[in-house]
Amino acid sequence: MIARRKLTAALFDELSADLVVGLSNRPHTGGWDGTPNQDETNFVPFCVLSPENATRSYGPLSDPASEWNLPYNLGCYGVSPEQTEWIADKARGILYQMKGTTVELGQETYKIQQIYPSAIGAIRRIDVTDPKYWGQADAYLVWLSKEL
């Protein structure tokens, strides 16, 4: 049986090497590093990685879970629309480089055949702070094949 948490951890680790990332929550070091709109405060751009529902696996009758399409959501946030798109672009590049890598997911080893944004989200202003910040949520699909 696939251990999805290990795939999530692998994606998180790759993103975290260059970006501030949270797992289904805002990271503590992301966003405003002090009281927004005060002197000497800065906004640290960040991402939030969230696993989404995977509805089915594929494969032969002898091993129906040998192929998986696992969806993820990656929200990226910045102090401006430009910074938001910059961090989302950077995250896309990091995840794309994982194509062709092998990951151990429990008792089985899988190869990442494809990893790409199946939808690139719109930029949305977030008004809960003053000044505002922006976010963009991209949908990703990770295609896995069991290694023989």
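Residues numbered from 1 in each chain as written. Predicted model: local features only at pLDDT ≥ 70, side-chain atom pairs only at ≥ 80, totals over all residues. Heavy atoms only, no water.

As a further point, take the pattern of salt bridges. Pairing between side chains of opposite charge can happen when the charged atoms of each approach one another. Throughout the structure, instances matching the rule amount to four salt bridges. Close ionic contact of Asp 138 with Arg 92 constitutes a salt bridge, the shortest N to O distance being 2.9 Å. Placement of the pair is Asp 138 in strand 10 (residues 133-146) and Arg 92 in helix 2 (residues 81-96), with a sequence separation of 46 residues. For the pair Asp 138 and Arg 92, a shared accessibility class is recorded, and that class is buried. Arg 125 is the salt-bridge partner of Asp 127, the closest N and O atoms lying 2.7 Å from each other. In this structure Asp 127 comes out as partly exposed when scored by relative accessible area, which is 41%. (Salt bridge = Lys/Arg side-chain N within 4 Å of Asp/Glu carboxyl O. Helix = DSSP H or I, 4+ residues; strand = E, 2+ residues; numbered from the N terminus. Buried < 20%, exposed > 50% of the residue type's maximum accessible area, 1.4 Å probe, protein only.)

Bringing the side chain of Ser 145 into the picture now. Take Ser 145: it is sitting in strand 10. Within polar-contact distance, the side chain of Ser 145 engages the side chain of Glu 67 at 2.7 Å. There is a polar contact of 3.5 Å between the side chain of Ser 145 and the side chain of Gln 113. Each residue touching Ser 145, except ones within four places of it in the same chain, is listed here: Ser 66, Glu 67, Thr 109, Tyr 110, Lys 111 and Gln 113. (Polar contact = N/O pair within 3.5 Å; in protein donor to acceptor, adjacent residues only side chain to side chain. Contact = heavy atoms within 4.5 Å.)

A rise of 1.5 Å per residue sets the reference length of helix 1 (residues 4-16), with its 13 residues, at 18 Å; its end C-alpha atoms lie 18 Å apart and thus fit the reference within 8%. Inspection of helix 1 places Arg 4, Leu 7, Thr 8, Ala 10, Leu 11 and Leu 15 among the buried residues, and these make up the whole buried set. Taken around the axis of helix 1, the buried residues stretch over an arc of 160 degrees, which confines them to a single face. In this structure, helix 1 carries Arg 5 and Asp 13 as exposed residues pointing more than 90 degrees from its buried face. (Expected span 1.5 Å × (residues − 1). Arc of directions from axis to C-beta.)

This part covers the packing of helix 1 against helix 2. Between helix 1 and helix 2, whose axes approach to 9 Å, the crossing angle comes to 125 degrees. Between helix 1 and helix 2, the crossing angle belongs to the class labelled oblique. At the point where helix 1 passes helix 2, the crossing takes the right-handed sense. Touching Leu 11, Glu 14 and Leu 15 of helix 1 are Ala 91, Ile 94 and Leu 95, all from helix 2. Of the residues contributing to the contact of helix 1 with helix 2, the split by class is five nonpolar, no polar and one charged. (Axes fitted to C-alpha atoms, helices over the stretch in contact; angles between N-to-C directions. Parallel < 35°, antiparallel > 145°, perpendicular 65-115°, else oblique. Left-handed = near helix turned anticlockwise from the far one by under 90°. Nonpolar A, V, L, I, M, F, W, Y, C, P; charged D, E, K, R; others polar.)

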